[in-house]
Amino acid sequence: MNMPSGRRERKKAATRQKIADAALRLFLERGYDAVGIRDVAAEADVAVTTLFSHFASKEALVFEQDEDFEQRLAQAVTRRAPHEPLIPALRREIQALVRHCTADGAAPIWRMIDASPALREYEESMRLRHAESLAAAIAADPDLSSSTTAARAIARFVIDAYSLAREAADPEAAVDEIFRMIEAAWEATRP
C-alpha cells in the first residue's frame, strides 16, 4: 500500500489499518458470521460511523487491500517501461499478488472466505471490478492498439490467473503455465 505523505493522511491510514486488523483478528477467532460491525468498532476503539467512513461493508473489512490491488494492476499497464511488452508486466504483478496472498498465515483467511457465501460473492464482484479497471487501462494505452473486447478478455484472463494460481499446489508454476496461455491469447489479437 502506498504510504500517505501528510500527517492527516497517515493518521487516517493508521486508523483504517487498526480497524482492518481488529476485524480480521475477531473474524478468525470467532468466525466471520459471529462478529458484527459493532464488535469490530469496539475492538478497534472507534465509532461505528468511523468504521463505515473507512469501509463500505463488513465484507470490505476482509478485503482491506482491495483498492491497492486494483491500482497495482492498472499501474502494471500504465507505468511499465517504454516498449515493455504488456504480458510480462502483468505477469510480474500477478506473481507479486499471488506471493502476498499465499504467504504464511494466509490459509486461515482463505478458508474463512471459502466458507462464507457473502465473502465469496464479494470476492467475485471485486474480481469483476478489477478486471474492468484493468481492461480500461489496457484499452486506453495507445501503444497497445487493442480492441475493447481483446482488452476485456485479457483482463479477465489475468484476474482468473490470480485466483487459479492462488489455489494451486505450486502457485509460481501455475502463474508460469497460465501466463504462457495468456501470452498466446494476446498474440492472437495482434495485427
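For the structure, check the block above.
Right, let's walk through the structure included here. Because the structure is predicted, anything quoted here is derived from the model rather than measured. (Residues numbered from 1 in each chain as written. Predicted model: local features only at pLDDT ≥ 70, side-chain atom pairs only at ≥ 80, totals over all residues. Heavy atoms only, no water.)

This brings us to the overall build of the protein. In terms of helices and strands, the protein carries 10 helices and 0 strands. Scanning the protein from its N terminus toward the C terminus, one meets helices and strands in the order α-α-α-α-α-α-α-α-α-α. Oriented by its inertia axes, the alpha-carbon framework of the protein measures out at about 55 × 40 × 25 Å. Here the protein holds 191 residues, and the buried ones make up 45% of them. (Helix = DSSP H or I, 4+ residues; strand = E, 2+ residues; numbered from the N terminus. Buried < 20%, exposed > 50% of the residue type's maximum accessible area, 1.4 Å probe, protein only.)

Within the structure shown, the criterion is met by 14 salt bridges. Of the charged contacts in the structure, one is a salt bridge between Arg80 and Asp141, with a shortest N-O distance of 2.8 Å. Note that Arg80 is positioned in the loop between helix 5 (66-78) and helix 6 (86-101) and Asp141 in the loop between helix 8 (117-140) and helix 9 (148-167), a separation of 61 residues in sequence. For the salt bridge of Asp176 with Arg91, the shortest nitrogen-to-oxygen distance reads 2.0 Å. Within this pair, whereas Asp176 is found in helix 10 (residues 171-189), its partner Arg91 is found in helix 6, the two being separated by 85 residues in sequence. Several salt bridges converge on common partners, so that one network encompasses Asp66, Glu70 and Arg129. (Salt bridge = Lys/Arg side-chain N within 4 Å of Asp/Glu carboxyl O.)

Moving on: the layout of surface pockets. Of the voids in this model, the largest pocket is the one considered here, and its volume is about 550 Å³. What lines the largest pocket is a set of 29 residues, and nearest its centre among them are Val62, Phe69, His100, Cys101 and Trp110. Broken down by secondary-structure element, the contributors of at least two residues to the lining of the largest pocket are helix 1 (7-30), helix 4 (58-62), helix 5, helix 6, helix 7 (107-115), helix 8 and helix 9. Class assignment for the residues of the lining of the largest pocket results in 18 nonpolar, 5 polar and 6 charged. (1 Å grid on protein atoms, 1.4 Å probe; cavity = no way out; pocket = protein on both sides within 12 Å on 5 of 7 lines; lining within 4 Å. Points joined across faces, edges and corners; volume = space filled by probe spheres on them. Nonpolar A, V, L, I, M, F, W, Y, C, P; charged D, E, K, R; others polar.)

At Asp45, a position not held by glycine, the phi torsion is positive, near 60°. Among the structural elements, Asp45 can be located in the loop between helix 2 (37-44) and helix 3 (48-54). At His83, a residue that is not glycine, the phi angle is positive and equals roughly 70°. Among the structural elements, His83 can be located in the loop between helix 5 and helix 6.

This part takes up the side chain of Glu59. Tracing the chain through its elements places Glu59 in helix 4. Beyond its immediate stretch of four places on either side in the chain, Glu59 contacts Tyr32, Ala118, Leu119 and Tyr122. (Contact = heavy atoms within 4.5 Å.)

Let us look at the side chain of Asp66. Mapped onto the elements, Asp66 comes out in helix 5. For Asp66, a relative accessible area of 7% translates into the label buried. Setting aside residues up to four positions removed in sequence, Asp66 forms contacts with Tyr122, Met126, Arg129 and His130.

As a further point, take helix 8. Taking 1.5 Å of rise per residue, 24 residues should cover 34 Å, and helix 8 covers 35 Å from first to last C-alpha, within 8% of that figure. For helix 8, every residue scored as buried is listed here: Leu119, Tyr122, Glu123, Met126, Arg127, His130, Ala131, Leu134, Ala135, Ala137 and Ile138. Against the buried residues of helix 8 lie helix 4, helix 5, helix 6, helix 7, helix 9 and helix 10. (Expected span 1.5 Å × (residues − 1).)

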